[in-house]
Amino acid sequence: MELGLVGLGKMGGNMRERIRRAGHTVIGYDRNADVADVHSLEELVGKLSAPRVVWVMVPAGEPTQSTVDQLAELLEPGDVVVDGGNSRWTDDEKHAEQLAARGIGFVDCGVSGGVWGLENGYALMYGGEAADVAKVQPVFDALKPEGDFGSVHAGKVGAGHFAKMVHNGIEYAMMQAYAEGWELLEKVDSVENVREVFRSWQEGTVIRSWLLDLAVNALDDDEHLDGLRGYAQDSGEGRWTVEAAIDNAVPLPAITASLFARFASRQDDSPQMKMIAALRNQFGGHAVEKK
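Residues numbered from 1 in each chain as written. Predicted model: local features only at pLDDT ≥ 70, side-chain atom pairs only at ≥ 80, totals over all residues. Heavy atoms only, no water.

**Looking at the pairing of strand β4 (residues 80–83)**
Moving on, step 1. The alternating pattern of β4 places Val80 and Val82 and Val81 and Asp83 on opposite faces, both of which are buried.
Moving on, step 2. Where strand β3 (residues 53–56) meets β4, four bridges bridge the pair, whose relative direction is parallel. In the strand pairing of β4, Val53 is matched with Val80.
Moving on, step 3. A crossover connection joins β3 to the parallel β4 through helix α3 (residues 62–74); in handedness this β-α-β unit is right-handed. (Buried < 20%, exposed > 50% of the residue type's maximum accessible area, 1.4 Å probe, protein only. Helix = DSSP H or I, 4+ residues; strand = E, 2+ residues; numbered from the N terminus. Pairing = 2+ DSSP bridges. Right-handed = clockwise from strand over helix to strand, strands pointing away.)

Below you can see the structure in the form of structure tokens.
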């Protein structure tokens, strides 16, 4: 089949290659002319045969909204837009309504796989009407990992990005658990080879995972992570997961704590810890450290 792909960054560029390897035609557009196949959205749409499928892989928020606005003007009834970025599920509902007014279908797709997806395949979670999903199915089949799993029609519009959001929330908590365990192992004198302890967990343990494999890779590159600053950004999906939990009265203590731990990582001198130190000094005479 033919696919228009908007956004050819680290993820989009590799996805274009994997889809092409499966025998499909991909016409890619990116603001970076060095990687683009065409020089405008108008040219991209003009090169596709109806019914068209255009997959959007640009940052969430205004970049996605602007792209959807332009495609709404360029596409025709029966065409389908897929948002494969990290958009919030509530935006999906707006985009679906906006495009439906012009007879254009919409599918949201959460994509996981990162820089390894080209070779290993991408886990896909998508939402939308069955008829619209069917038009994109050959691309889903090309992108997914080999085997029976790794791809799911999660439900109606918004379900794909909601599922990917929860996936990322779980990822936050899993990474935090590995990080806390690593710090404790590094802290004690009795454990002399933390990296090899992590490596030993890769076989036969209940905590073995791809994330653990990646942790071992990182420790092989820099055994004590001395070259890194203890600062972790968040993409926004962890926040959205916690907000959704509040809206639905679902307790998520581990995921919430992992998100707050990332906030703490950005404080060189925690204001909260200043107050805790002051209170401990006041009620117990505990020592405080002065600047």
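Moving on from the coordinates now.
**Details of the packing of aromatic side chains**
Moving on, step 1. One pass over the full model with this rule turns up six aromatic pairs.
Moving on, step 2. On the numbers, 5.8 Å between centres and 75 degrees between planes, the contact of Trp55 with Phe140 is edge-to-face. Within this pair, whereas Trp55 is found in strand β3, its partner Phe140 is found in helix α6 (residues 130–143), the two being separated by 85 residues in sequence.
Moving on, step 3. On the accessibility criterion, Trp55 (0% relative accessible area) is buried.
Moving on, step 4. Note on Phe140: relative accessible area 0%, which makes it buried.
Moving on, step 5. Taking 4.9 Å as the distance between ring centres and 35 degrees as the angle between the ring planes, the aromatic pair formed by Phe198 and Trp201 counts as tilted.
Moving on, step 6. With a relative accessible area of 2%, Phe198 lands in the buried category.
Moving on, step 7. Following the ring pairs from residue to residue traces out a cluster consisting of Trp55, Tyr126 and Phe140.
Moving on, step 8. We note Arg262 situated over the ring of Tyr172; from NZ or CZ to the ring centre the distance is 3.6 Å. (Phe/Tyr/Trp six-rings, centres within 6.5 Å; stacked < 30°, edge-to-face > 60°. Lys NZ or Arg CZ within 6 Å of the ring centre and 35° of its normal.)

**Points about the UniProt feature "active site" (unreviewed entry) in the chain**
Moving on, step 1. The UniProt record marks Lys164 with the feature "active site" (unreviewed entry), using the residue numbering of this structure.
Moving on, step 2. Mapped onto the fold, Lys164 is located in helix α7 (residues 159–187).
Moving on, step 3. Apart from residues no more than four positions distant in its own chain, Lys164 is found in contact with Asn86, Gly110, Val111, Ser112, Met125 and Glu237. (UniProt positions renumbered as here; feature names shortened; annotations may be inferred. Contact = heavy atoms within 4.5 Å.)

**Some thoughts on the sheet that holds strand β6 (residues 123–127)**
Moving on, step 1. Read across the sheet, seven strands follow the order β2-β1-β3-β4-β5-β6-β7 without closing on themselves; strand pairing throughout is mixed. The sheet is open, and its two borders are formed by β2 (25–29) and β7 (151–155), each paired with just one other strand. On average, each strand axis in the sheet is tilted by 25 degrees relative to the strand beside it, whichever way the strands run.
Moving on, step 2. Where α3 meets the sheet, its contacts fall on β1 (2–6), β3 and β4, and the angle it forms with β3 comes to roughly 165 degrees. (Axes fitted to C-alpha atoms, helices over the stretch in contact; angles between N-to-C directions.)

**Observations regarding the pairing of β6**
Moving on, step 1. Judged by how many residues are buried, β6 sits mostly within the fold: four of five residues are covered.
Moving on, step 2. Relative to β6, strand β5 (residues 105–112) runs antiparallel, the two being bridged by five bridges. Its bridge partner being in β6, Gly110 is matched across the sheet by Met125.
Moving on, step 3. Alignment of β6 against β7, held across four bridges, turns out to be parallel. For Leu124, the partnering residue across the bridge sits in β7 and is Ser151.
Moving on, step 4. As a crossover connection, the stretch from β6 through α6 into β7 is right-handed.

**What about the environment of Val68?**
Moving on, step 1. Checked against the element boundaries, Val68 lands in helix α3.
Moving on, step 2. A relative accessible area of 1% means that Val68 is categorised as buried.
Moving on, step 3. What Val68 contacts, discounting residues up to four positions off in sequence, is His95, Gln98 and Leu99.

**Quick word on the packing of α7 against helix α11 (residues 253–264)**
Moving on, step 1. Put simply, α7 and α11 touch, their axes get as near as 8 Å, and they point 70 degrees apart. Between α7 and α11, the angle is such that the two are roughly perpendicular. The two elements α7 and α11 cross, and the hand of that crossing is left-handed. Facing Gly169, Ile170, Tyr172, Ala173, Met175 and Gln176 of α7, the residues of α11 in contact are Ala254, Ile255, Ser258, Leu259, Ala261 and Arg262. (Parallel < 35°, antiparallel > 145°, perpendicular 65-115°, else oblique. Left-handed = near helix turned anticlockwise from the far one by under 90°.)

**Points about unusual backbone geometry**
Moving on, step 1. The linkage connecting Ala50 with the following residue, Pro51, adopts the cis geometry, with an omega of -5 degrees.
Moving on, step 2. Mapping Pro51 onto the fold places it in the loop between α2 (41–47) and β3.
Moving on, step 3. Look at Leu225: it is not a glycine, yet its phi comes out positive at around 55 degrees.
Moving on, step 4. Checked against the element boundaries, Leu225 lands in the loop between α9 (210–221) and α10 (237–247).
Moving on, step 5. Looking at Leu225, the relative accessible area reads 24%, which means it is partly exposed.
Moving on, step 6. At Ala249, a position not held by glycine, the phi torsion is positive, near 55 degrees.
Moving on, step 7. Relative to the elements of secondary structure, Ala249 occurs in the loop between α10 and α11.

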